[in-house]
Amino acid sequence: MISVNFNPEVDKEKVDKLLKEIAHDPLGGWYSLPKNTDMGEFVRIKEAAKEIQDSSEYLVCIGIGGSYLGHRAINEALRPKSDTKIIYAGNSLSRRELDWALKKVGDHDFSVNVISKSGTTLEPAVAFGEFKKKLIEKYGETEAYSRIYATTDAKKGALHDEAVACGYKMFTVPDNIGGRYSVLSAVGLLPMAVAGVDIDKLLEGASDAVETAVEPATKYATMRYTLDSKHYDTEIFASFEPATMYFNEWLKQLFGESEGKNKRGILPDSVIYSTDLHSLGQFIQDGRRNLFETIIDYPTDEMNAKVVTAVRVAHAEGGIPVLNIGVPSYDERGFGELIYFFELACALSAKMMGVNPFDQPGVEAYKAKLQELL
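So, here's what we can say about the structure. (Residues numbered from 1 in each chain as written. Predicted model: local features only at pLDDT ≥ 70, side-chain atom pairs only at ≥ 80, totals over all residues. Heavy atoms only, no water.)

Some remarks on the overall build of the protein
Then comes step 1: The number of helices and strands found in the protein is 15 helices and 10 strands.
Then comes step 2: On C-alpha atoms alone, the protein measures out to a radius of gyration of 21 Å, which is about the 21 Å that the 2.2 N^0.38 rule sets for 374 residues.
Then comes step 3: For the protein, the spread of C-alpha atoms along the principal axes amounts to about 65 × 45 × 45 Å.
Then comes step 4: Within the protein, the proportion of its 374 residues that are buried is 53%.
Then comes step 5: Within the structure as shown, the protein displays about 16500 Å² of accessible surface, and the carbon and sulfur contribution to it stands at 52%.
Then comes step 6: Counting 42 positive and 55 negative side-chain charges, the protein places the centres of these two groups 2 Å from one another. (Helix = DSSP H or I, 4+ residues; strand = E, 2+ residues; numbered from the N terminus. Rg over C-alpha atoms; globule rule 2.2 N^0.38 Å. Buried < 20%, exposed > 50% of the residue type's maximum accessible area, 1.4 Å probe, protein only. Areas by Shrake-Rupley, 256 points an atom, 1.4 Å probe, with all protein chains shown as cover. Lys, Arg positive; Asp, Glu negative; His and termini not counted. Charge placed at Lys NZ, Arg CZ, Asp CG, Glu CD.)

Overview of the environment of Trp100
Then comes step 1: In this fold, Trp100 is placed in helix α4 (residues 95-105).
Then comes step 2: Between the C-alpha atom of Trp100 and that of Cys346, which follows or precedes it by 246 residues, the distance is 35 Å.

Things to note about the packing of aromatic side chains
Then comes step 1: Enumeration according to the criterion identifies 24 aromatic pairs in this entry.
Then comes step 2: Judged by centre distance (5.9 Å) and plane angle (80°), the ring pair of Tyr220 and Phe342 falls under edge-to-face. Pair noted here: Tyr220 is in helix α10 (residues 214-229) and Phe342 is in helix α14 (residues 332-353), with a separation of 122 residues, a long-range link. Of the two residues, Tyr220 and Phe342, neither departs from the other in class, the shared state being buried.
Then comes step 3: An aromatic cluster of at least three residues, connected via ring pairs, comprises Tyr220, Phe237, Phe247, Trp250, Phe255, Tyr298, Tyr330, Phe335, Phe341 and Phe342.
Then comes step 4: Over the ring of Tyr225 we find Lys14; its NZ or CZ atom is 5.1 Å from the centre of that ring.
Then comes step 5: Directly above the aromatic system of Tyr139 lies the positively charged group of Arg147, at a separation of 4.1 Å from the ring centroid. (Phe/Tyr/Trp six-rings, centres within 6.5 Å; stacked < 30°, edge-to-face > 60°. Lys NZ or Arg CZ within 6 Å of the ring centre and 35° of its normal.)

Some remarks on unusual backbone geometry
Then comes step 1: Residue Ser274 is reached from Tyr273 by a cis peptide bond, and omega for that bond is 5°.
Then comes step 2: Along the polypeptide, Ser274 turns up in the loop between β8 (267-272) and α12 (281-286).
Then comes step 3: Phi angles above zero are rare outside glycine, and Arg79 is one such case at about 45°.
Then comes step 4: Along the chain, Arg79 turns up in the loop between α3 (69-78) and β3 (85-89).
Then comes step 5: Despite not being glycine, Lys263 has its phi angle at roughly 60°, a positive value.
Then comes step 6: Positionally, Lys263 belongs in the loop between α11 (245-259) and β8.
Then comes step 7: Note on Lys263: relative accessible area 82%, which makes it exposed.

Structural notes on the pattern of salt bridges
Then comes step 1: Counted according to the given criterion, the structure contains 26 salt bridges.
Then comes step 2: Measuring nitrogen to oxygen at the nearest pair gives 3.2 Å for the salt bridge that ties Glu21 to Lys351. Residue Glu21 is found in helix α1 (residues 12-23), and its partner Lys351 is found in helix α14; the two are separated by 330 residues along the sequence.
Then comes step 3: For Glu21, a relative accessible area of 28% translates into the label partly exposed.
Then comes step 4: A salt bridge links Glu235 to Arg224; its shortest N-O distance comes to 2.8 Å. Of this pair, Glu235 sits in strand β7 (residues 234-239) while Arg224 sits in helix α10, and the two are 11 residues apart along the sequence. Like Arg224, Glu235 is buried.
Then comes step 5: One salt-bridge network, in which partners are shared between bridges, spans Lys117, Asp153, Lys156 and Asp175. (Salt bridge = Lys/Arg side-chain N within 4 Å of Asp/Glu carboxyl O.)

Here we look at helix α7 (residues 158-166)
Then comes step 1: All of the buried residues in α7 are Leu159, His160 and Ala163. The buried residues of α7 occupy an angular sector of 105° when the element is viewed end-on, so they sit on one face.
Then comes step 2: Residues of α7 that are buried sit in contact with β4 (110-115), α5 (122-139), β5 (148-152) and β6 (169-172).
Then comes step 3: Gly167 sits one or two positions beyond α7 and adopts a positive phi of about 80°. (Arc of directions from axis to C-beta. Contact = heavy atoms within 4.5 Å.)

Quick notes on the sheet that holds strand β1 (residues 3-4)
Then comes step 1: Read from one edge to the other, the open sheet built from five strands follows the order β1-β10-β9-β7-β8, with strand pairing classed as mixed. Either end of the sheet is taken by a strand with one partner, and the two such strands are β1 and β8.
Then comes step 2: Summarising the sheet, β7 and strand β9 (residues 291-297) pair through six bridges and their orientation is parallel. Paired with Thr234 across the two strands is Leu291, which belongs to β9. (Pairing = 2+ DSSP bridges.)

Comments concerning the nonpolar core
Then comes step 1: Trp30, Tyr220, Phe247, Trp250, Leu338 and Phe342 are the most contacted members of the largest nonpolar core, which totals 79 residues.
Then comes step 2: Residue contributions to this core peak at 13 residues, all from α14.
Then comes step 3: With residues up to four places along the chain from it excluded, the contact list for Phe342 reads Tyr220, Phe237, Phe247, Trp250, Leu251, Leu254, Phe255, Ile296 and Ile325.
Then comes step 4: Core analysis: the next-biggest nonpolar cluster, separate from the first, contains 24 residues, Leu102, Phe110, Tyr139 and Tyr168 among them. (Core = buried A, V, L, I, M, F, W, Y, C linked by side-chain atoms within 4.5 Å.)

Digging into the pairing of β7
Then comes step 1: With six of six residues buried, β7 is to be regarded as a mostly interior element.
Then comes step 2: Burial along β7 is two-sided: the residues Thr234, Ile236 and Ala238 and Glu235, Phe237 and Ser239 are all buried.
Then comes step 3: Relative to β8, β7 runs parallel, the two sharing six bridges. Among the inter-strand pairings, Phe237 is bridged to a residue of β8, identified as Ser270.
Then comes step 4: Between β7 and its parallel partner β8, the chain crosses via α11, and the hand of that crossover is right-handed. (Right-handed = clockwise from strand over helix to strand, strands pointing away.)

The structure is reproduced here in structure tokens:
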């Protein structure tokens, strides 16, 4: 069970109202997802993962933002064992990165999981075009198409239509779940299963959190709202495990896209200690006092635990509010709980600020400007 080291005064009536709004929101499907997983698709995901592991040395995961950050976070953190290695592509427009990924695959056997609700987002579309060409050159069109797994809209869109026409195996990006909340859907489950993550245990942890995470998530959201009202406008997510760097990146997207609207929101940033104590540590300890720190306290060894304690005490003495999120275990169950906890806390926090947790008009504005330039 997720634990916290703070106990703010909670307006239970207000929180209950916000929870009902979240549960009934058109994009609130993640709220009950762990207990309402489509088991038919879940079985198909595990079958596809085994098929990819048996046929491919690499799986190229093509996606950007919520289509890749969540599952990459778990794969990087747990470092599961699998003979099939994951390569990520389509998360930038850097030609160097795309060429590196193509070269990395080389002549090895590989498959592709392209993840895009519409199929028209530029970064993954460019990468998918290159890897589809490589598949066809290596295997011929028929086998190439059998090695493409499309996670996309169930009924419409450019990628959906192409998948139907070409016979790609298809998995669903749920209509009622936005990208940054989608890691526990097929968006994240297929790449994690291929990498060797026990997705049954991941969902078990998330399912437990549907009940157990409500109280700590409510406390955390309330603390963030209180600190924001006192002009603490920057949150530092602090971890002491280098492998969780991408989990911090997912948190930055989750909170940044959910809260950063209407000139509101807390700016999310992140550090990995003790490494960043030797770079950003000076600023955090003795710089502007507009920030607070959220320590994600994973079970760790004795030496690292002493660093956690030293940081908590030193930063508190330096005038920084320090929030501690205790994680029960560093495994699939623990991360399943943690994912759901942060999704719920983020949605509640945004609601408390009076903004919609589930849209991203600023991102859409960038996409429109890019299309004009192209």
